[in-house]
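Observations on the three-dimensional arrangement
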Amino acid sequence: MGHPAAISRSGKESNINTISKSRIERFVLVLPALGLFTFFVVVPFVQGVVYSFTNWDGVSRTYDFVGFRNYLLLFSDPELLLPIKNTLIFTAITVVGVNALGLGIALLLNFQFRASSFFRSLFFFPIVMSLVMVSYIWSYLFSGFFAPVLGITGVLSNPKTVMFGIAGIALWRDAGFAMVTYHAALVAVPGDLIAAVTIDGASPFQKFRHVVFPLIAPAVTINVTLWLGWGLRVFDYVAAATRGGPGNASMTVAFQVYKMTFVYNKVGYGQTAAIIMMIVILVLAITTTSLLKRREVDL
Amino acid sequence: MRLVQRRWRWGRIGRIATVVIVAVLFFSPLYVSFTYSFKSRQEVAFAPLAFPTRFHLENYRVAIEQMKFLRTLFNSVIVTTGDVVLVLFVCSMASYVIARNFRRGYKLIYYLFISSIFLPFQVIMFPLYKQLYVIGFVNTFYGLILTLVAFGTGFFVFIYSGFVRTIPLELEESAQMDGCSVFRVYRQIIFPLMQPVNASVMVLAALGAWNEFIIPLIIAQRESVRTLPLTQYFFFGRYTAEIGVAFAGINLVMIPVIVFYLAMQKYIVRGVTAGALKG
């Protein structure tokens, strides 16, 4: 990679002036992004960390620093157990389900068939709909169609089934997305390799397990990490489909943080919960990715 | 030989039948949504599955009025356009310099940006709200658009920088030797070469801004700046009784999305997979 100074020096009229001029120009190009990011992300982030050590309610003019009290409270707060459980249920179902369905549909469509791209775009369509809209379609389907027409009652109004209902909504929206990633990976599997093992007498399952799957393992890593990150942050579905109800039955961590901050005015505490949530997401995402990456080699 | 062929053919037909059945089941929610929106209350009660006998447009009239649909649609168009245009320039300019790695500081900026990709918005939402409130940006298009741009910087700089690294250095070097300024190199050489990735970025930014929920929920709640997802959130919070109207409201919001999907499908698939594979 050529160093810019070296580039300029090789030019005829190069001097210190042109070098420093291009340095300034380069900085000017970065400045809008850096400025926006600093003002709208970095500064609020730092303030947020500071608030997590206070008892601020978000409205008063003053607040006290309370050290790590919020952090200690957080780890013994029984009201957080249900949101944590719900978030984990949602994440587990979506990570497993979206990948299984996406890969399943991709495999189903992976044969010489003229209309297959038409069907792929059909399955992919929900990805352009907002999570809010998908939630409303399904909440009306559950209440206005499943219950009176099909006799399946109370999916979203029963505390025992509500998280499964919400996860089901997410599966419907996201399966097509995973399918597209898996399709891209499947297309890249060399056809003569498949032909060779078919001649050797491999069964379809053996072919998939020992030839295809190791080759698409990177797509699995990516998809698992993506839905893990989204699942642990789930907010829109819950906010739109149930608002955390019935009662608190479908409260998730992200939605609880929102309510702590903007409904119960516990800014310091909500901020603490948000920071812990961020750390947990980062740790889980990084460990999962590195574990899966290591597995890729073994397959 | 004959038998093998026949079995193969039946396998194929079975597979196509499975595809069709799965697709029909998958799309049935949208069928219900479409037909219900044209049904009167009586039809919903007595003929739930049937195709509507006559198109009852009353539901749409009510939904358009109650959602203030046209106003909201306009808001969504403004916010999305503003976000897409800014992302396109702000992120591509920054990524050019960052990816070329001119000084060590830029590497630091790069890591600062991409570390925000997994950042939950909840961590910054309250301080950001307070800060925007102080400078009068709460409930304005500026506040909403600039927040969207800033919060997307990490992801889009990541996509752009990955692409810039694949552009060969020779072009720039000879241009610089001819005395081209950095601005001109960016504008006349780099930006035009970014065409394929620009399309992906535009599509991803447009979808993101159009569908964003939590950012407008925090900083743009007032009716005059509400975007479509937010309007739906408040609309369905209040008018839940009549299912025909509800589905009419859903379908209205879906029309622009369908148009966008049909027109841009190629770029959406490309953009989303590029985003996923790199992210």
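Computed from a predicted model, the values in this text were never measured in an experiment. (Residues numbered from 1 in each chain as written. Chains lettered and ligands numbered in written order. Predicted model: local features only at pLDDT ≥ 70, side-chain atom pairs only at ≥ 80, totals over all residues.)

**Some remarks on the overall build of chain A**
Broken down by element type, chain A carries 12 helices and 0 strands. Listed by position from the N terminus, the elements making up chain A come as α-α-α-α-α-α-α-α-α-α-α-α. At 25 Å, chain A has a C-alpha radius of gyration far larger than the 19 Å of a compact globule built from 299 residues. Based on the C-alpha atoms only, the size of chain A along its principal axes is roughly 75 × 70 × 35 Å. Burial analysis of chain A (299 residues in total) assigns 42% to the buried set. Partitioning the intrachain contacts of chain A with sequence separation of at least 6 by distance along the chain shows that 73% fall at a separation of at least 24. (Helix = DSSP H or I, 4+ residues; strand = E, 2+ residues; numbered from the N terminus. Rg over C-alpha atoms; globule rule 2.2 N^0.38 Å. Buried ≥ 20, exposed ≤ 12 C-beta atoms within 10 Å, placed from the backbone. Contact = placed C-beta atoms within 7 Å.)

**Focus on the domain arrangement of chain B**
In terms of domain boundaries, chain B breaks down into domain 1 (2-58) and domain 2 (68-238). With centres defined by C-alpha atoms, the gap from domain 1 of chain B to domain 2 of chain B works out at 40 Å. (Domains from an automatic or database assignment.)

**Some thoughts on the interface of chain A and chain B**
At the interface, 77 residues of chain A touch 76 residues of chain B. Looking at the side of chain A that touches chain B residue by residue, the class counts come to 57 nonpolar, 15 polar and 5 charged. (Nonpolar A, V, L, I, M, F, W, Y, C, P; charged D, E, K, R; others polar.)

**Examining the packing of helix H5 (residues 116-124) of chain A against helix H7 (residues 162-187) of chain A**
Residue and element names in this part refer to chain A. Packing of H5 against H7 brings their axes to within 7 Å, and their N-to-C directions diverge by 140°. In terms of orientation, H5 and H7 fall into the oblique class. Taken together, the residues of H7 that come into contact with H5 (itself represented by Arg120, Phe123 and Phe124) are Ala175, Gly176, Phe177, Met179, Val180 and His183. Of the residues contributing to the contact of H5 with H7, the split by class is 6 nonpolar, 2 polar and 1 charged. (Axes fitted to C-alpha atoms, helices over the stretch in contact; angles between N-to-C directions. Parallel < 35°, antiparallel > 145°, perpendicular 65-115°, else oblique.)

**Things to note about the packing of helix H4 (residues 81-108) of chain A against helix H9 (residues 204-232) of chain A**
Residues and elements named next belong to chain A. Where H4 contacts H9, the two axes come as close as 9 Å, and the packing angle between them is 150°. Here H4 is positioned roughly antiparallel relative to H9, judged by the angle of their axes. The crossing of H4 and H9 is right-handed. In this structure, H4 uses Thr87, Phe90, Thr91, Thr94, Val95, Val98 and Asn99 to contact H9, whose residues at the interface are Val220, Asn223, Val224, Trp227, Leu228, Gly231 and Leu232. Split into classes, the residues belonging to the contact of H4 with H9 amount to 8 nonpolar, 6 polar and no charged. (Left-handed = near helix turned anticlockwise from the far one by under 90°.)

**Brief notes about the domain arrangement of chain A**
The domain boundaries assigned to chain A delineate domain 1 (4-51) and domain 2 (73-298). Taking only C-alpha atoms into account, the centre of domain 1 of chain A sits 39 Å from that of domain 2 of chain A.

**Regarding helix H6 (residues 122-134) of chain B**
Residue and element names in this part refer to chain B. Relative to the 18 Å expected for 13 residues at 1.5 Å per residue, H6 spans 19 Å between its end C-alpha atoms, a close match to the ideal helical length. The complete set of buried residues in H6 reads Gln122, Val123, Ile124, Met125, Phe126, Pro127, Leu128, Tyr129 and Leu132. Within two residues after H6, Gly136 carries a phi angle of roughly 75°, on the positive side. (Expected span 1.5 Å × (residues − 1).)

**So, the confidence of the model for chain B**
Residue and element names in this part refer to chain B. Of the residues in chain B, 94% reach a pLDDT of 70 or more, and the chain-wide mean stands at 87. Between the elements of chain B, mean pLDDT differs from a low of 73, seen in helix H2 (residues 41-46), to a high of 95, seen in helix H4 (residues 69-100). Note on the complex model: pTM 0.89, ipTM 0.89. (pLDDT = per-residue confidence, 0-100.)

**Some points on the nonpolar core**
One finds Ile166(A), Ala94(B) and Phe156(B) to be the most contacted residues of the largest nonpolar core, which totals 170 residues. Broken down by element, this core gets its largest block of residues, 15 residues, from helix H7 (residues 141-164) of chain B. With residues up to four places along the chain from it excluded, the contact list for Ala94(B) reads Leu29(A), Val30(A), Ala33(A) and Val157(B). (Core = buried A, V, L, I, M, F, W, Y, C linked by C-beta atoms within 7 Å.)

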